Amino acid sequence: TRFWMNVASRPERSAFERRALISKQFPSVAILGCSDSRVPTEIVFDQGLGDIFVIRVAGNYLDTSTLASLQFAVHHLKVKVLLVLGHEMCGAVKAAM
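Here we summarise the structure given alongside this text. Since the structure is predicted, the reported quantities are computational estimates derived from the model, not experimental observations.

Quick notes on the rules
Residues numbered from 1 in each chain as written. Predicted model: local features only at pLDDT ≥ 70, side-chain atom pairs only at ≥ 80, totals over all residues. Heavy atoms only, no water. Salt bridge = Lys/Arg side-chain N within 4 Å of Asp/Glu carboxyl O. Pairing = 2+ DSSP bridges. Helix = DSSP H or I, 4+ residues; strand = E, 2+ residues; numbered from the N terminus. Axes fitted to C-alpha atoms, helices over the stretch in contact; angles between N-to-C directions. Contact = heavy atoms within 4.5 Å. Core = buried A, V, L, I, M, F, W, Y, C linked by side-chain atoms within 4.5 Å. Buried < 20%, exposed > 50% of the residue type's maximum accessible area, 1.4 Å probe, protein only.

## Observations regarding the pattern of salt bridges
Inference 1: A full pass over the atoms with the stated rule returns one salt bridge.
Inference 2: In this structure, Arg 38 and Asp 36 form a salt bridge, with 2.5 Å as the shortest nitrogen-oxygen distance.

## Some remarks on the sheet that holds strand β1 (residues 29-33)
Inference 1: Taken in spatial order, the three strands of this open sheet run β2-β1-β3, and their pairing is parallel. Taken across any chain shown, the strands that pair with only one partner, and hence form the sheet edges, are β2 (52-56) and β3 (81-85). Strand-to-strand, the axes of this sheet are offset by a mean angle of 20 degrees, without reference to chain direction.
Inference 2: Where β1 and β2 come together, five bridges link them in parallel fashion. Within β2, the residue paired with Gly 33 across the bridge is Arg 56.
Inference 3: Sitting on the sheet, helix α3 (residues 64-75) is in contact with β1, β2 and β3, with an inclination near 175 degrees to β2.

## Regarding the nonpolar core
Inference 1: One finds Ala 30, Leu 32, Phe 53, Ile 55, Leu 70, Ala 73, Leu 77 and Val 79 forming the largest nonpolar core, which totals eight residues.
Inference 2: Val 79 has contacts with Pro 27, Ser 28, Val 29, Ala 30, Ala 73 and Val 74, leaving out every residue within four places of it along the chain.
Inference 3: Ranked by size, the runner-up nonpolar core spans five residues in total, among them Val 29, Ile 31, Val 39 and Leu 85.

Given below as structure tokens:
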């Protein structure tokens, strides 16, 4: 909602906080989204570095590698929510039809 209303407050992290992310991350959500450059997941959800675990692939296609990434998020990062993010006018979906 904040993205669409142009009141985003993405938390930008200091160099010290970014450095702390090297050794650990605690995302609460894993998102399978499209690799389309017009749909930047962190910006759409107004999140900063380390807040969400994002897997981007053309057309949000679930295969063995994207499934393995989601399994990693659930089993090792302990995310509780999985989300598939689609968008209008997806070229990958159109090409597959």
